[in-house]
Amino acid sequence: MTDRYAVIGNPIAHSKSPLIHAAFARATGQDLTYGRILGDLADFGGAVRRFLDSGGQGLNVTVPFKEQAWELADELSPRATIAGAVNTLTRLPDGRLRGDNTDGIGLVRDLGGNHGFVFPGRRLLLVGAGGAAKGLLEPLLETGIAELVIANRTTGRALALATLGEKLRAEQGWEWGKVRGGGLEELEGDGFDLIINATSAGLDGALPELPEGCLAPGGWTYDLLYGDRVTAFCRWGQDQGAARVLDGLGMLVEQAAEAFWLWRAVRPDTAPVIAGLRDGTLGLPAAP
Ligand code: NAP
């Protein structure tokens, strides 16, 4: 029988996840369908239950439901527990729901695996302290970076996330990856090897206000946001002379591949899917 999966969010029409998972399924010969569900803002749990009751096997969860999915899950992976947000729900054989968060590993695989960024020993700046930034905390620290500075418009949220990071380091006994948090204006004079934009400022074409010179010579920039046009933060990276300027399309595909692995125990090849989304050919019928 064909297994059913879907992505749930609100809004959801723009989501590329159905295209991505359909491409994975075709390439790996998996018998599944993957749809999109417009979640009810007042009743997220109801929509999830209805999908599962009708035979659904798993869901990806996007804005604004990731925190609600975290609360709804009957059990959580360690990385989802730390993130406080769930982007992948899996129906277990006993009917309970397991929550995971594949966003952070998606970013690390895109940067490290697809683009060859070498994490150990590097100084990183994470801009933003919302849901996405939380999901990146543990996967980034795990890579062996030298230092992680978290800067946010609302300073208190950056400080809270940095405290969580330091707690995690202590629990894991990691000697690397010292974490500190602060406001955007405190960054003067710092030169980072990689600056990650995990703010939603770009959704309105805006930029977090970063001081000049906070990118080290040879440093890279990464915007979690992606779109048909170059994002404001990618333009900023180009203006700063970044050695590499990357957007979040690769992360989107890599987080999807990790969810596919959790559901199907099969790892799809991500490169052709990223390329197909970039050049607009994914989802189009094959040329005659
Ligand atoms: P969120 O929880 O709403 O957090 C938004 C963050 O952006 C907060 O830190 C907020 O600061 C900051 N911010 C918003 N407007 C700003 C501005 N004008 N200047 C400076 N900071 C600003 O959102 P999220 O879920 O973390 O998502 C963040 C971004 O990541 C979105 O663009 C989303 O599309 C993207 N994302 C991409 C992927 C992917 O696969 N590529 C996955 C997940 C998320 P305050 O705390 O001061 O409000």
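Above this note sits the structure.
The rules we used
Residues numbered from 1 in each chain as written. Predicted model: local features only at pLDDT ≥ 70, side-chain atom pairs only at ≥ 80, totals over all residues. Heavy atoms only, no water. Helix = DSSP H or I, 4+ residues; strand = E, 2+ residues; numbered from the N terminus. Buried < 20%, exposed > 50% of the residue type's maximum accessible area, 1.4 Å probe, protein only. Contact = heavy atoms within 4.5 Å. Areas by Shrake-Rupley, 256 points an atom, 1.4 Å probe, with all protein chains shown as cover. Lys, Arg positive; Asp, Glu negative; His and termini not counted. Charge placed at Lys NZ, Arg CZ, Asp CG, Glu CD. Disulfide = S-S within 2.5 Å. Phe/Tyr/Trp six-rings, centres within 6.5 Å; stacked < 30°, edge-to-face > 60°. Expected span 1.5 Å × (residues − 1). Salt bridge = Lys/Arg side-chain N within 4 Å of Asp/Glu carboxyl O. Core = buried A, V, L, I, M, F, W, Y, C linked by side-chain atoms within 4.5 Å. Near = heavy atom within 4 Å. Polar contact = N/O pair within 3.5 Å; in protein donor to acceptor, adjacent residues only side chain to side chain. Nonpolar A, V, L, I, M, F, W, Y, C, P; charged D, E, K, R; others polar. Axes fitted to C-alpha atoms, helices over the stretch in contact; angles between N-to-C directions. Parallel < 35°, antiparallel > 145°, perpendicular 65-115°, else oblique. Left-handed = near helix turned anticlockwise from the far one by under 90°.

(A) The arrangement of the overall build of the protein chain in detail. Across its full length, the protein chain carries 10 helices and 12 strands. Overall, the C-alpha framework of the protein chain stretches about 60 × 50 × 35 Å when taken along its three principal axes. The proportion of buried residues among the 288 residues of the protein chain is 51%. Restricting the contact set of the protein chain to residue pairs at least 6 apart, pairs at least 24 apart contribute 68%. Here the protein chain has roughly 13,100 Å² of accessible surface; of this, 52% comes from carbon and sulfur atoms. Computed over 27 positive and 35 negative side-chain charges, the inter-centroid distance for the protein chain is 3 Å.

(B) Region of the structure containing the environment of His21. As for its placement among the helices and strands, His21 is situated in helix 1 (residues 17–28). Aside from chain neighbours lying at most four places away, what touches His21 is Tyr34, Asn60, Ala256, Ala259, Phe260 and Trp263.

(C) View of helix 8 (residues 232–239). When we look at burial in helix 8, the residues that qualify are Ala232, Phe233, Cys234, Trp236 and Gly237. Among the structural elements, strand 10 (192–197), strand 11 (215–223) and strand 12 (244–246) are those in contact with the buried residues of helix 8. Of the residues one or two after helix 8, Gly241 is the one with positive phi, at around 80°.

(D) Representation of the state of the cysteines in the model. Within the structure shown, the criterion is met by 0 disulfides. Not engaged in a disulfide, the cysteine Cys214 finds its nearest cysteine sulfur in Cys234; these two sulfurs lie 15 Å apart. Look at Cys214 and you get buried, because its relative accessible area is 0%. Here Cys234 falls in the buried class, since its relative accessible area comes to 6%.

(E) Layout of the packing of aromatic side chains. With the rule as written, the count across this model stands at 8 aromatic pairs. Look at Phe44 and Phe65: their rings are 4.7 Å apart centre to centre, the planes differ by 20°, and that puts the pair in the stacked class. A residue pair is termed long-range when its members are at least 10 positions apart, and Phe44 in helix 2 (residues 44–53) and Phe65 in the loop between strand 3 (56–61) and helix 3 (66–72) qualify at 21 residues. Looking at Phe44, the relative accessible area reads 2%, which means it is buried. Judged by its relative accessible area of 0%, Phe65 is buried.

(F) Seen up close, helix 5 (residues 103–114). In this model helix 5 runs 15 Å from its N-terminal to its C-terminal C-alpha over 12 residues, within 8% of the 16 Å that 1.5 Å per residue would give. Where helix 5 is concerned, the buried positions are Asp103, Gly104, Ile105, Gly106, Leu107, Val108, Asp110 and Leu111. Gly116 lies just past helix 5 and shows a positive phi near 75°.

(G) Inspection of the pattern of salt bridges at higher detail. Under the counting rule described, the total for this entry stands at 14 salt bridges. A salt bridge links Arg180 to Glu147, with the nearest nitrogen and oxygen atoms 3.2 Å apart. Residue Arg180 is located in strand 9 (residues 178–183), and its partner Glu147 is located in strand 8 (residues 147–152); the two are separated by 33 residues in the primary sequence.

(H) Expanded view of the nonpolar core. Residues Leu148 and Ile196 are the most contacted members of the largest nonpolar core, which totals 30 residues. Among the secondary structure elements, those contributing two or more residues to this core are helix 5, strand 7 (123–127), helix 6 (131–142), strand 8, helix 7 (155–172), strand 10 and strand 11. With residues up to four places along the chain from it excluded, the contact list for Ile196 reads Leu107, Leu124, Leu125, Leu126, Val127, Leu136, Leu140, Tyr222 and Leu224. Core analysis: the next-biggest nonpolar cluster, separate from the first, contains 21 residues, Ile20, Ala23, Leu249 and Leu277 among them.

(I) Seen up close, the site of the ligand. Taken together, the neighbourhood of the ligand is formed by 22 residues, with Ala132, Asn152, Thr154, Arg157 and Leu224 sitting nearest. With respect to the ligand, the backbone of Ala129 contributes an N or O atom lying 3.0 Å from an oxygen atom. One of the side-chain N or O atoms of Thr154 is found 2.5 Å from an oxygen atom in the ligand. Taken by itself the ligand offers 940 Å² of open surface, and the protein chains cover 79% of this. Of all the elements in the fold, those that place two or more residues in the shell around the ligand are helix 6 and helix 9 (249–264). A class-by-class count of the residues in the shell around the ligand yields 10 nonpolar, 8 polar and 4 charged.

(J) Up close: the packing of helix 5 against helix 6. At a minimum axis distance of 7 Å, the contact between helix 5 and helix 6 shows a crossing angle of 50°. Judged by the angle between their axes, helix 5 and helix 6 are oblique. In the packing of helix 5 onto helix 6, the handedness of the crossing is right-handed. In this structure, helix 5 contributes Asp103, Gly104, Ile105, Leu107 and Val108 to the contact, and helix 6 contributes Gly135, Leu136, Pro139 and Leu140.

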